[in-house]
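Close look at the chain arrangement
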Amino acid sequence: MKRRLSIIAAAGAAALVGPLALPAAAQTVEEVGAAVDTVWVVVAGILVMLMQAGFALVEAGFTRAKNAANIVMKNVMDFSVGALIYWALGFGLAYGGSTVGGFIGYGEFFFNNPDRSVEWFFQVVFAATAATIVSGAMAERTKFSAYLLYTPFITGLIYPVVTHWVWSGQGWLGDLGFVDFAGSGVVHLTGAVAALAGVLVIGPRIGKYDEDGNPVPIAGHSLLLGALGVFILWFGWYGFNAGSTLAAVGQDFASVAVTTTLSAAAGGVAAMITGWTYPVYGKPDVGLTLNGVLAGLVGITAGTAAVSNLSAVLIGLISGVIVVISIIGLERIKIDDPVGAISVHGTAGIWGVLAVGLFATDGGLFTGGGASLLGTQAIGVLAIAAWVFITSSIVFRVLNAIWGLRVSEEEELTGLDTMEHGSLAYPEFQEAIVASSETLD
């Protein structure tokens, strides 16, 4: 029996690592380790790419059925257009190998370096994540063509500059000591601030506010799709966070998976309780709970490798509370975000970056490290938010003036599936509604 298990284990190793695992006598320890590291990072990147499906399901589920196909198209194009732009320009500006004063990189444009292929692949899926956050916040009233024109700017310029600051090894924020292990600020805050800039230009959906300016609930068409999307995102987040070790050999990525799990779980519980006790809801709201899980994931992403398990739980609990308060608060000041993306990725993203300065086992305020790291983290938040908001606002306002961001009133009321794409996500369902309406008339 033991011999059989040994044979099975050896066969599994050969299948995983491939030909590199077989001629072991011809391989050095370093070469085998490098092969294992490559497999780990590529698999982690695939998990992160799967998050695009999660985002599509969350956004579609939290919005109305008449716009579901439009949501799918935007998420497909986020990755498709984003990957091409990142190949041609974005990767070079982020990790080109040379720097202009620690602000922006250059080199490796139209990427064609096999020695860095694993690095490019892992980074492109992160760039696509930042871009897709904008889609949800601006859903149900944005021209598809205008969205296509904006996407290249975030994946080709805005996001790469931020990554150069923090992750390139040459950027000014990284040199300052700023810590963001997997992207609470670099990815999530960037996407959320860009989304906020877009929402401020395009305005709320028709019917979102009554004559007195009070918010009117607009229910999404499928909490089931939304929940499935959250579970897929949670699954993919293990690639996002644990994969950010960028190696398997000699790296404690299992502890990263633990802190990721604890924060997400705590975020979901805290959001459920907050919504349950909040006068606006008064019940354990499903949508808020799902967003609480995502907030917990966003909140831990910056410090997932730098905090204890107990700190991860505390970070998640606070993430779950503040995301509910943020969703309600933004809605009241007429910032219409159909899926809660700005709160999940922005509010929780800011908290996640600052939480490193509070809870990091090495340098955190609450662990005896003083306030220095917290100050550096705050500088990073302000710098990222300022850069992204200014550049995104310029892009959105120019596009709005030249092209127009928003669909017509007729298009918005009819639905973007029909008016923008000439197709329906649920043809039988929606045709039945039209037939029923005509019968009543």
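These numbers come from a predicted model, not from an experiment. (Residues numbered from 1 in each chain as written. Predicted model: local features only at pLDDT ≥ 70, side-chain atom pairs only at ≥ 80, totals over all residues. Heavy atoms only, no water.)

Describing helix α3 (residues 68–95)
The axis of α3 is deflected most strongly, by about 65°, at Y86. Trailing α3 by a residue or two, G97 shows a phi angle of about 105°, which is positive. (Bend = angle between axes of the 7 residues up to and from the residue. Helix = DSSP H or I, 4+ residues; strand = E, 2+ residues; numbered from the N terminus.)

Some thoughts on helix α4 (residues 117–137)
The end-to-end C-alpha distance of α4, which contains 21 residues, comes to 32 Å, matching closely the 30 Å that a straight helix rising 1.5 Å per residue would cover. Counting buried residues along α4, 17 of its 21 residues qualify, which places the element largely inside the surrounding structure. (Expected span 1.5 Å × (residues − 1). Buried < 20%, exposed > 50% of the residue type's maximum accessible area, 1.4 Å probe, protein only.)

Things to note about a nonpolar patch on the surface
Together, L149, L200, F389, I390, I394, V398, I402 and W403 line one region of the surface with nonpolar side chains, adding up to about 770 Å² of accessible area. With 5 residues, the single largest contributor to the nonpolar patch is helix α13 (residues 372–402). By the secondary structure assignment, I390 is in helix α13. (Patch = residues over 30% accessible without salt bridge, like charges linked within 9 Å, V, L, I, M, F, W, Y side chains within 5 Å. Areas by Shrake-Rupley, 256 points an atom, 1.4 Å probe, with all protein chains shown as cover. Salt bridge = Lys/Arg side-chain N within 4 Å of Asp/Glu carboxyl O.)

Considerations on the pattern of salt bridges
Per the stated rule, a full pass over the model turns up 7 salt bridges. With its nearest N and O atoms 2.9 Å apart, the salt bridge here joins E412 to R406. Overall, the relative accessible area of 3% leaves E412 in the buried class. Given the relative accessible area of 26%, R406 is considered partly exposed.

Let's talk about the packing of aromatic side chains
Scanning the model with the defined rule gives 17 aromatic pairs in all. A centroid spacing of 5.2 Å and a plane angle of 85° characterise the contact between W87 and F110, whose relative ring orientation is edge-to-face. Here W87, found in helix α3, pairs with F110, found in the loop between β2 (104–106) and α4; they are 23 residues apart in sequence, far enough to count as distant. Aromatic ring contacts, followed pair by pair, group Y86, F91, Y95, F111 and W120 into a single cluster. It is K74 that lies over the ring of Y147; its NZ or CZ is 5.2 Å from the centre. In this structure, K334 packs its charged tip against the face of Y209, placed 5.4 Å from the ring centre. (Phe/Tyr/Trp six-rings, centres within 6.5 Å; stacked < 30°, edge-to-face > 60°. Lys NZ or Arg CZ within 6 Å of the ring centre and 35° of its normal.)

What about the nonpolar core?
Counting residues in hydrophobic clusters, the biggest one holds 96 residues, and the most contacted among them are V134 and Y150. It is α4 that provides the largest number of residues to this core, a total of 12 residues. Setting aside chain neighbours within four positions, we find V134 in contact with Y147, Y150, I154, G191, A194, A195 and F396. Core analysis: the second largest hydrophobic core is formed by 8 residues, I300, W351, A355 and F359 among them. (Core = buried A, V, L, I, M, F, W, Y, C linked by side-chain atoms within 4.5 Å. Contact = heavy atoms within 4.5 Å.)

Some details on the packing of helix α5 (residues 144–167) against helix α7 (residues 184–202)
Closest axis-to-axis distance for the α5/α7 pair is 10 Å, and the angle between their directions is 140°. On the basis of the axis angle, α5 is oblique to α7. Seen from above, α5 lies across α7 with right-handed handedness. Between α5 and α7, the residues in contact are Y150, I154, Y159, V162, T163, V166 and W167 and V186, V187, T190 and A194, respectively. Grouping the amino acids of the contact of α5 with α7 by side-chain chemistry returns 9 nonpolar, 2 polar and no charged. (Axes fitted to C-alpha atoms, helices over the stretch in contact; angles between N-to-C directions. Parallel < 35°, antiparallel > 145°, perpendicular 65-115°, else oblique. Left-handed = near helix turned anticlockwise from the far one by under 90°. Nonpolar A, V, L, I, M, F, W, Y, C, P; charged D, E, K, R; others polar.)

A few points about the side chain of H164
Residue position: H164 is located in helix α5. Residue contacts for H164: discarding those within four places in its chain leaves L93, A94, S98, T99, G102, F103, I104, G105, Q170 and G171.

Looking at the packing of α4 against α5
Packing of α4 against α5 leaves a shortest axis separation of 9 Å and a crossing angle of 125°. By the angle between their axes, α4 is oblique relative to α5. Two packed elements cross with a definite hand, and for α4 against α5 that hand is right-handed. Across from Q123, F126, A127, A130, A131, T132, V134 and S135 in α4, the residues of α5 making contact are Y147, Y150, I154, T155, Y159 and W167. Residue composition of the contact of α4 with α5, by class: 10 nonpolar, 4 polar and no charged.

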